[in-house]
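Report on the structure
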Amino acid sequence: MTNEELPPVVELSDEQSWKYLEHTHHGRLAVSVANRPSIYPINYLAHDGVLLLRTAPGTKLAEMAVNTYVAFEADGVHSDQAWSVVVKGTTRFLETGAEIEAADSLPLQPWVRTEKYRYVEIVPETVTGRFFNLGPEPPRD
């Protein structure tokens, strides 16, 4: 079957979407405070049904403290296929020593050489995903 014979867009199940998240480690975090949206590139770990990220004090952390409702997107593009997964949910700062110790044992390191000692979980409320079979626009009738 050629790519032209495949459906252009396929809705992914929650399970399929989560598998893409588990095999990717970079995405974008969207937050909004006072109707002013911001988007941040982050690295993350999909683990035990949540997304885990590390950050440092600053704008992103402050915005998540003001408005815990966030959106997150990860995607991938190949030569003739692409995918996108969007998670909407709430953030929760890891606070207890036991939580931080458990998070420290996971394979989540900062993207750049900076100190990022604050752990934040994104607890999903919805997970939606799409798989795209890429190709040219069909001819007009």
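A short tour of the structure in this document, coming up. Predicted, not measured: the structure shown is a model, and the values here were computed from it.

Calculation criteria
- Residues numbered from 1 in each chain as written.
- Predicted model: local features only at pLDDT ≥ 70, side-chain atom pairs only at ≥ 80, totals over all residues.
- Heavy atoms only, no water.
- Helix = DSSP H or I, 4+ residues; strand = E, 2+ residues; numbered from the N terminus.
- Buried < 20%, exposed > 50% of the residue type's maximum accessible area, 1.4 Å probe, protein only.
- Contact = heavy atoms within 4.5 Å.
- Pairing = 2+ DSSP bridges.
- Salt bridge = Lys/Arg side-chain N within 4 Å of Asp/Glu carboxyl O.
- Lys, Arg positive; Asp, Glu negative; His and termini not counted.

By the secondary structure assignment, His26 is in strand E2 (residues 26–33). With relative accessibility at 38%, the residue His26 sits in the partly exposed group. For the pair His26 and Asn43, spaced 17 residues apart in sequence, the C-alpha to C-alpha distance is 4.3 Å. Setting aside residues no more than four positions away along its own chain, His26 makes contact with Ile42, Asn43, Tyr44, Ala74 and Trp111.

Bridging between strand E6 (residues 69–77) and strand E7 (residues 81–93) involves nine bridges; their strand directions are antiparallel. Bridging from a neighbouring strand, Tyr69 pairs with Thr90 of E7. Adjacent in sequence and paired antiparallel, E6 and E7 are bridged by three residues. Of the pairings in the sheet, the one linking E7 to strand E8 (residues 118–133) comprises 13 bridges and is antiparallel in character. Within the sheet, the bridge partner assigned to Thr90 lies in E8 and is Val123.

To continue, consider the environment of Lys19. Within the secondary structure layout, Lys19 lies in helix H1 (residues 14–22). For Lys19, a relative accessible area of 45% corresponds to the partly exposed category. Separated by 27 residues in sequence, Lys19 and Ala46 have C-alpha atoms that sit 9.0 Å apart.

Considering all chains together, one arrives at six salt bridges under this definition. Between Arg130 and Glu11 there is a salt bridge; the shortest N-O distance is 3.2 Å. Here Glu11 lies in strand E1 (residues 9–12) and Arg130 lies in strand E8, a separation of 119 residues in the sequence. In this structure, a network of salt bridges that share partners links the residues Arg28, Glu73 and Asp75.

Tracing the sequence through the fold places Lys116 in the loop between helix H3 (97–104) and E8. Glu115 provides the closest opposite charge to the buried, salt-bridge-free Lys116, at an N-O distance of 11 Å. In this structure, Lys116 is in contact with Arg54, Thr55, Ala56 and Pro110, ignoring residues within four places of it in sequence.

Looking now at the pairing of E2. Strand direction decides the pairing type here: E2 and strand E3 (residues 36–43), joined by eight bridges, are antiparallel. Bridging across to E3, His26 finds its partner in Asn43. A loop of two residues connects E2 with E3, the two strands running antiparallel in sequence, and Ala34 in this loop sits at a positive phi of about 55°. In this structure, E2 lies alongside E6, joined through three bridges in antiparallel fashion. Bridge pairing in E6 places Arg28 opposite Glu73.

None of this, on its own, says anything about what the molecule does.
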